[in-house]
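# Per-entry structural report
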Amino acid sequence: SRRKQYALTIKELAVQSGLSERFLVSVEAGKANISVVKLDAIAQALGTSASALLEGAQTTPRLDGGRLVALLGLRGAGKTAVGQRVAARLDIPFVELDVVIAEHAGMPLESIFALHGAEYFRRLEQEQLKRTLDEQLDGVLATGGGLVTNHAAFNQLKNSTTTVFLKASADDHWNRVVAQGDARPMADREDAMDELRTILRARRALYEQADFTIDTSALGLERSVDAVVRITRERMQQTKR
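From a predicted model like this one, the values you see are computed outputs, not experimental measurements.

## Some points on the environment of L200
In this structure, L200 sits in helix α12 (residues 192-207). On the basis of relative accessibility, which here comes to 16%, the residue L200 falls in the buried class. Residues L200 and L74, 126 residues apart in the sequence, show an inter-C-alpha distance of 7.6 Å.

## Quick notes on the pattern of salt bridges
Following the criterion strictly, the structure yields nine salt bridges and no others. Residues E125 and R122 are paired through a salt bridge, measuring 2.9 Å at the closest nitrogen-oxygen approach. In this pair, E125 and R122 both sit in helix α9 (residues 118-135), three residues apart, roughly one turn of the helix. Overall, the relative accessible area of 23% leaves R122 in the partly exposed class.

## What about empty space enclosed by the protein?
Inspection of every chain in the model, using the stated rule, returns one cavity of 30 Å³ or more. Put simply, the largest cavity is a space of about 30 Å³. If you trace the largest cavity, you find it lined by I10, V25, E28, R131, D134 and E135. Elements supplying a minimum of two residues to the lining of the largest cavity: α3 (21-28) and α9. The element that contributes the greatest number of residues to the lining of the largest cavity is α9, accounting for three residues. For the lining of the largest cavity, a count of residues per class yields two nonpolar, no polar and four charged.

## Quick notes on the pairing of strand β1 (residues 67-72)
Most of β1 sits out of view: five of its six residues are buried. Pairing geometry for β1 and strand β3 (residues 138-142), over five bridges, is parallel. For V69, the partnering residue across the bridge sits in β3 and is V140. As judged from the four bridges shared by β1 and strand β4 (residues 162-167), these two strands associate in the parallel manner. Residue pairing in the sheet places L72 in a bridge with F165 of β4.

## Comments concerning α9
For α9, which comprises 18 residues, the first-to-last C-alpha distance of 25 Å matches the rise-based estimate of 26 Å (1.5 Å per residue) to within 8%. Those residues of α9 lying buried are F121, L124, E125, Q128, L129, K130, R131, T132 and L133.

## Focus on the sheet that holds β4
With parallel pairing, the five strands of this open sheet are ordered in space as β2-β3-β1-β4-β5. Both outer strands of the open sheet, β2 (94-96) and β5 (212-215), are each paired with one neighbouring strand and no more. On average, each strand axis in the sheet is tilted by 25° relative to the strand beside it, whichever way the strands run. The pairing of β4 with β5 spans four bridges and is parallel. Residue pairing across strands places L166 opposite I214, the latter belonging to β5. Across the sheet, helix α6 (residues 79-90) is in contact with β1, β2, β3 and β4; its angle to β2 comes to roughly 160°. Along the sheet, helix α10 (residues 151-160) makes contact with β1, β3 and β4, crossing β1 at roughly 140°.

Rules used in this analysis
Residues numbered from 1 in each chain as written. Predicted model: local features only at pLDDT ≥ 70, side-chain atom pairs only at ≥ 80, totals over all residues. Heavy atoms only, no water. Helix = DSSP H or I, 4+ residues; strand = E, 2+ residues; numbered from the N terminus. Buried < 20%, exposed > 50% of the residue type's maximum accessible area, 1.4 Å probe, protein only. Salt bridge = Lys/Arg side-chain N within 4 Å of Asp/Glu carboxyl O. 1 Å grid on protein atoms, 1.4 Å probe; cavity = no way out; pocket = protein on both sides within 12 Å on 5 of 7 lines; lining within 4 Å. Points joined across faces, edges and corners; volume = space filled by probe spheres on them. Nonpolar A, V, L, I, M, F, W, Y, C, P; charged D, E, K, R; others polar. Pairing = 2+ DSSP bridges. Expected span 1.5 Å × (residues − 1). Axes fitted to C-alpha atoms, helices over the stretch in contact; angles between N-to-C directions. Contact = heavy atoms within 4.5 Å.

Structure (structure tokens):
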């Protein structure tokens, strides 16, 4: 809470305290075995003392699954369009994990893959997902299309959120992405549609592990939003009991 009060990022606090970002993430998650020396370093970086931090500490256990609803699906499923509308209607935060990753890395996702490879991206994805889950107790979270193949991250997501699979036909996936002005799916690839269908088939069993499935091709945008709003409201009411 004090870090947020000072509008410090984890990275900035790491620099000021001389501790690693990974360690600070664990501290904020309540999972680090912190020494008095390190606690004091954090306190000084936050302009206070270790004793003051301990005196002001409050235990705020997270409710089962929190009130965070996570949207799953391949690009073009409607995660951003649906998520933004749901968040606006319920006046809750909307978070796009790919945007969080790109901001943390300081470069677009395409550059992350090109410069560092898929394995590095998956590691970064897991780290930023954990950070988001630790910080965001309610709202709507749009995940990357391939997160379900990152087993550690997917398990973490299922254990910490209510998951909703936004299902769509291959044609709708294709047309929605192109309608957004992204011609990459068809660029110099005659078999791109076949590849898309293959990916959908390969990931279907993973996506279907979600708590709920909503067919956006069958329902359309507004009725899909209505369905996610109902799920989110029910989840919020359950966690208030």
